[in-house]
Amino acid sequence: MAQIDENPLGAGLPLDPLPGHSSLGRLERVLRRGEFAVTAELNPPDSANPEDVYERAAIFSGWVDGINAVDASGANCHMSSVGICALLTRMGYAAIMQISCRDKNRIAIQGDVLGAAAMGVCNILCLTGDGVQVGDQPGAKPVFDLDSMSLLETVRTMRDEAKFLSGRRLTSPPKVFLGAAINPFAPPYDFRPHRLAKKIEAGAQFVQSQYCYDVPMLRDYMKKVRDLGLHEKCFILMGVGPLASARTARWMRTNVPGVHIPDDVIRRIEGASDQKKEGKQLCIDIINEVKEIEGVSGIHVMAYRQEEYVAEIVRDSGVLRGRRPWKHEAGRGDALVAERLGHIREGKEENQQAMAEAASHSQPRKADRD
């Protein structure tokens, strides 16, 4: 029976430390046990409503080992990755906080790392970030005080040496599992394995790749990775995702930096009577090939505006091999939060005395605490 990692005192609480682990999170444990991991990307809402995040996260519950909180990908503004992580960790989900160097300097980034770790974030993905010119606010001022390499080194220093870049000591360092992004499908191809080696040297313990639609190219990349012994130093998760249509595939190939989609993939989808269904099947077929490649430790599912297919894709691919990831179970606390949100949306006001009375009624009885 698969092991379910959860603190018996509460889903939102950290796990007990284990030797050789740098974090107190589930994702690192799954990977270090040699289980094939599945992560997914939560596309952030253009909203201040927390239920928008919870509804999107619920789709992944029981099917993935970690959920990426995206940090303004494509240089477009959405709910912040820090805010999404605050909501996810409150409910016990394993959040992977993306940090883009585009929008913040080293002072703000180091503060975000501490704040994220304090609220239970155990995984951080370090990104340089797309340039502002590709987003919908090209007049914004880019920062790029750090890049992905120096960001990895910064967080590793905070974790392993318990100090800021300034040299000032930390009283309690962040216990985090460090990740980075890779793209085996962008030129110069021979340089890509060496780029991974540099990120591992900078501190990357796991990596997630750009979309994989060219499995032969991935096989060539992974052979070079194995020749360098990098698969033994870092957990490699390959990016996969369904294509909604041939038109979508062409748009992505032209407009999304680093995405490589071969012509034969587009022809396959274009020739199908139901292009969305064929795009989903293509994703499943790619997973079935990728999971057999030596050195691949998991997949990262990116299903933009098709999140409802993630569970079906994971199930039909058989990638979990009978294992069931952690699933969020609704509790009394969820109902209290939902009720309070309902009051807020309806414009109901509560005076201090009423709020105090409500809080006293929500406290567990002594018998419940025991």
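Structure shown above.
Draft legend 1. Highlighting the side chain of S317. In this structure, S317 sits in helix α11 (residues 310-317). A polar contact of 2.9 Å, which involves the side chain of S317, links it to the backbone oxygen of V314.

Draft legend 2. Representation of the nonpolar core in the model. Counting 91 residues, the largest nonpolar core has L88, I124, L196, L218, L243, I261 and I299 as the members making the most contacts within it. Setting aside chain neighbours within four positions, we find L218 in contact with F185, C212, M238, V290 and I293. Residues L27, L31, L127 and F177 belong to the second largest nonpolar core, which totals eleven residues.

Draft legend 3. Representation of the pattern of salt bridges. One pass over the structure, following the stated rule, counts 21 salt bridges. When the shortest N-O distance is used, the salt bridge between E289 and R219 registers 3.2 Å. In this pair, E289 is assigned in helix α10 (residues 275-290) and R219 in helix α7 (residues 215-227), connecting sequence segments 70 residues apart. Here the salt bridges share partners, and the residues they tie into one network are D5, R33, E35, D65 and R323.

Draft legend 4. The state of the cysteines, seen in detail. This model, assessed by the stated rule, comprises zero disulfides. With no disulfide of its own, C212 lies closest to C283 among cysteine sulfurs, the gap being 9.9 Å. The exposure class of C212 is buried, given its relative accessible area of 1%.

Draft legend 5. Here's a closer look at the sheet that holds strand β8 (residues 296-301). The strand order around the closed barrel built from eight strands is β1-β2-β3-β4-β5-β6-β7-β8, with neighbouring strands paired in parallel fashion. Each adjacent strand pair in this sheet contributes to an overall mean axis angle of 30 degrees, direction not counted. Two strands pair when backbone bridges link them, and strand β2 (residues 66-69) and strand β3 (residues 95-100) are joined in this way by three bridges, in the parallel orientation. Note on β3: the bridge partner recorded for I67 is A95.

Draft legend 6. Structural context of the packing of α10 against α11. The N-to-C vectors of α10 and α11 enclose an angle of 45 degrees; their axes lie 9 Å apart at closest approach. Considering the angle they form, α10 stands oblique to α11. In the crossing of α10 with α11, the sense of the turn from one axis to the other is right-handed. Counting all contacts with α10, which are made through K280, C283, I284, I287 and N288, the residues of α11 involved are E312, I313, D316 and S317.

Draft legend 7. Main features of empty space enclosed by the protein. Scanning the model with the defined rule gives three cavities of 30 Å³ or more in all. Its volume calculated, the largest cavity comes out at about 70 Å³. Taken together, twelve residues make up the lining of the largest cavity; nearest its centre are Q3, V30, D65, R323 and W326. Class assignment of the residues belonging to the lining of the largest cavity gives a composition of four nonpolar, one polar and seven charged. A volume near 60 Å³ is recorded for the second largest cavity. Residue lining of the second largest cavity: R26, F60, S61, G62, V64, D65, G66, I67, Y93, A94 and W326, and that is the complete set. Grouping the amino acids of the lining of the second largest cavity by side-chain chemistry returns six nonpolar, three polar and two charged.

Draft legend 8. Representation of the environment of R268 in the model. You can see R268 is positioned in helix α9 (residues 263-270). Classification of R268 by relative accessible area gives partly exposed; the value is 30%. Residues R268 and A246 lie 22 residues apart in sequence; the distance between their C-alpha atoms is 8.5 Å. If we skip the residues at most four places from it in the chain, R268 touches E278, Q281, L282 and D285. A polar atom in the side chain of R268 sits 2.7 Å from the side chain of D285.

Draft legend 9. Representation of unusual backbone geometry in the model. Note the cis peptide between P187 and P188, where omega equals 0 degrees. By the element assignment, P188 lies in the loop between β5 (177-182) and α6 (192-202). Backbone geometry places A72, a non-glycine residue, at a positive phi of 50 degrees. With respect to the element layout, A72 can be found in the loop between β2 and α3 (81-90).

Draft legend 10. Seen up close, the packing of aromatic side chains. Counted by the stated rule, this structure contains four aromatic pairs. Ring geometry for Y93 against W326: centres 5.7 Å apart, planes inclined by 85 degrees, an arrangement best described as edge-to-face. Within this pair, whereas Y93 is found in the loop between α3 and β3, its partner W326 is found in the loop between α11 and α12 (332-345), the two being separated by 233 residues in sequence. The pair Y93 / W326 is uniform in exposure class, with both members buried. Measuring from ring centre to ring centre gives 6.4 Å for F177 and F235, while their planes differ by 55 degrees; the resulting arrangement is tilted. Remark: F235 occurs in strand β7 (residues 235-240) and F177 occurs in strand β5; sequence separation between them is 58 residues. There is no split in this pair, since F177 and F235 are both buried. Members of the aromatic cluster, each reached through a chain of ring pairs, are F177, F206 and F235. A cation over an aromatic ring shows up here: R321 above the ring of F36, its NZ or CZ 5.2 Å from the ring centre.

Calculation notes
- Residues numbered from 1 in each chain as written.
- Predicted model: local features only at pLDDT ≥ 70, side-chain atom pairs only at ≥ 80, totals over all residues.
- Heavy atoms only, no water.
- Helix = DSSP H or I, 4+ residues; strand = E, 2+ residues; numbered from the N terminus.
- Polar contact = N/O pair within 3.5 Å; in protein donor to acceptor, adjacent residues only side chain to side chain.
- Core = buried A, V, L, I, M, F, W, Y, C linked by side-chain atoms within 4.5 Å.
- Buried < 20%, exposed > 50% of the residue type's maximum accessible area, 1.4 Å probe, protein only.
- Contact = heavy atoms within 4.5 Å.
- Salt bridge = Lys/Arg side-chain N within 4 Å of Asp/Glu carboxyl O.
- Disulfide = S-S within 2.5 Å.
- Pairing = 2+ DSSP bridges.
- Axes fitted to C-alpha atoms, helices over the stretch in contact; angles between N-to-C directions.
- Parallel < 35°, antiparallel > 145°, perpendicular 65-115°, else oblique.
- Left-handed = near helix turned anticlockwise from the far one by under 90°.
- 1 Å grid on protein atoms, 1.4 Å probe; cavity = no way out; pocket = protein on both sides within 12 Å on 5 of 7 lines; lining within 4 Å.
- Points joined across faces, edges and corners; volume = space filled by probe spheres on them.
- Nonpolar A, V, L, I, M, F, W, Y, C, P; charged D, E, K, R; others polar.
- Phe/Tyr/Trp six-rings, centres within 6.5 Å; stacked < 30°, edge-to-face > 60°.
- Lys NZ or Arg CZ within 6 Å of the ring centre and 35° of its normal.

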